[in-house]
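Next come the chains, spelled out residue by residue.
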Amino acid sequence: MGKLTVKGIAGLRQPGRHADGDGLYLVIDAGGRRDRYLRSMKGGRRRDMSLGPANRIALADARERAADARRKLADGLDPIEERRRQQTGCVTFAQAARRFHDLSRAGWKNGKHCDQWLRTLEIHAFPALGDIPVGKVARADVERALEPVWLARPETARRVKQRIGVVLDWAVGAGLRDAGLEMRLVNRALPRHRDEPQHMRAVPAREVPGFLQALRLSPAGPTVRAALEILVLTASRPGNVRR
């Protein structure tokens, strides 16, 4: 079957890689720790996949796991990525939010805001999202979490939505999700906030000459007329024109 035997492994003391064959190795480090690894190639790159510590994974079991991984590789699958997905699939949204909060705490100067940041999610997001694996949180889940406060407390709803998005984006970077969510689309699935700002109507391009003529004839002061004309002709921001 292989080059190693149970009896032979028991007598090994020298640190290094000890080959069993077909990419399976027993690795002994300088401190005497023993682990089993499968070395393989994927996309032209060599990788080592841990099969577990030798004191827990018997030689026969290691050979069986290695054979299963090689079959997956032959079928075009990635056993390392598959295991990662299985492991990360157990991390819930609540756990991810708390991990992010713990990692970010040192960078927040306002302790009160730091506490409120997580507390807001605990109250308004965790009841709907907390137990869902963070990698599987969908837009419909976010919408369901926001519905109770969306119209009743618009500002709170906006903060909760923004913080949910931050957690999901962090989860992507941490390898817990494949992609983030289009959080701006959440607004389209929920009722429009009554207090949303109403922006002034823009002047169509074809009406700009008439607007400038009316501006020059208006009773506004010369500074105001000049500032508005500069604003129109240069597409500058009002704050820059005022300076």
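Details of the structure are given in the entry above.
Residues numbered from 1 in each chain as written. Predicted model: local features only at pLDDT ≥ 70, side-chain atom pairs only at ≥ 80, totals over all residues. Heavy atoms only, no water.

Colleague: Got a minute to help me understand the sheet that holds strand β4 (residues 45-53) in this structure?
Modeller: By definition, the strands of a sheet pair up through backbone hydrogen bonds, in either a parallel or an antiparallel sense. Read from one edge of the open sheet, 4 strands run β1-β2-β3-β4, paired in antiparallel fashion. The open sheet is flanked by β1 (16-21) and β4, the only strands paired with a single partner. Averaged over all adjacent pairs, the angle separating strand axes in this sheet is 30°, with direction ignored. Direction of pairing for β1 relative to strand β2 (residues 24-28): antiparallel, over a ladder of 5 bridges. Along β2, the bridge assignment pairs A19 with Y25. Set on the sheet, helix α2 (residues 59-74) makes contact with β1, β2, β3 (34-42) and β4; between it and β3 the angle comes to about 15°. (Pairing = 2+ DSSP bridges. Helix = DSSP H or I, 4+ residues; strand = E, 2+ residues; numbered from the N terminus. Axes fitted to C-alpha atoms, helices over the stretch in contact; angles between N-to-C directions. Contact = heavy atoms within 4.5 Å.)

Colleague: Looking at this structure, I do not really get the nonpolar core. What am I missing?
Modeller: General note: in soluble globular proteins, nonpolar side chains tend to be found buried as a group. Counting residues in hydrophobic clusters, the biggest one holds 30 residues, and the most contacted among them are F93, L121, A125, F126, L129, V134 and I164. Within the residue set of this core, elements represented by two or more residues are α4 (93-104), α5 (111-124), α6 (126-129), α7 (139-150) and α8 (154-173). Sorting elements by how many residues they give to this core places α8 first, with 6 residues. In this structure, L24, L51, A62 and A69 belong to the second largest nonpolar core, which totals 8 residues. (Core = buried A, V, L, I, M, F, W, Y, C linked by side-chain atoms within 4.5 Å. Buried < 20%, exposed > 50% of the residue type's maximum accessible area, 1.4 Å probe, protein only.)

Colleague: Sorry if this is basic, but what is going on with the pairing of β3 here?
Modeller: Put simply, side chains in a regular strand alternate between the two faces of the sheet. The pairing of β2 with β3 spans 5 bridges and is classified as antiparallel. What sits directly across from I28, in β3, is R34. Pairing between β3 and β4: 8 bridges, direction antiparallel. Bridge assignment links S40 to a residue of β4, and that residue is R47. In this structure, the hairpin formed by β3 and β4 is closed by a connection of 2 residues, where G43 is found at a positive phi of approximately 60°.

Colleague: Hey, could you run me through the packing of aromatic side chains in this one?
Modeller: How two aromatic rings sit relative to each other is set out by the distance from centre to centre and by the angle between their planes. A complete count under the given rule lists 3 aromatic pairs for this structure. When the centroid spacing of 5.3 Å and the interplanar angle of 45° are considered together, the rings of F100 and W117 count as tilted. With F100 in helix α4 and W117 in helix α5, this pair connects stretches of sequence that are 17 residues apart. Taken together, F100, W117 and W170 form an aromatic cluster joined through their ring pairs. The lysine or arginine in question, R17, covers the ring of Y25, its NZ or CZ lying 5.5 Å from the ring centre. (Phe/Tyr/Trp six-rings, centres within 6.5 Å; stacked < 30°, edge-to-face > 60°. Lys NZ or Arg CZ within 6 Å of the ring centre and 35° of its normal.)

Colleague: What am I meant to see in α5 here?
Modeller: Given 3.6 residues to a turn, an α-helix orients residues that are three or four positions apart in the same direction. Under the 1.5 Å per step criterion, the end-to-end length of α5 is 20 Å for 14 residues, consistent within 8% with the ideal 20 Å. Buried within α5 are the following residues: C114, W117, L118, T120, L121 and H124. Along α5, the residues classed as buried sweep out an arc of 155° about the axis, all on the same side. Considering only its buried residues, α5 is in contact with α4, α6, α7 and α8. (Expected span 1.5 Å × (residues − 1). Arc of directions from axis to C-beta.)

Colleague: Which parts of the structure should I look at to understand the pattern of salt bridges?
Modeller: Should the charged atoms of two oppositely charged side chains come close, the side chains can pair. For the coordinates displayed, the defined rule picks out 16 salt bridges. Here D20 makes a salt bridge to R63, at a shortest N to O gap of 2.9 Å. Remark: R63 occurs in helix α2 and D20 occurs in strand β1; sequence separation between them is 43 residues. Overall, the relative accessible area of 5% leaves D20 in the buried class. Of the charged contacts, one joins R184 and E182 as a salt bridge, the two residues approaching to 3.2 Å between their closest N and O atoms. Residue classification places R184 among the exposed positions, given a relative accessible area of 52%. (Salt bridge = Lys/Arg side-chain N within 4 Å of Asp/Glu carboxyl O.)

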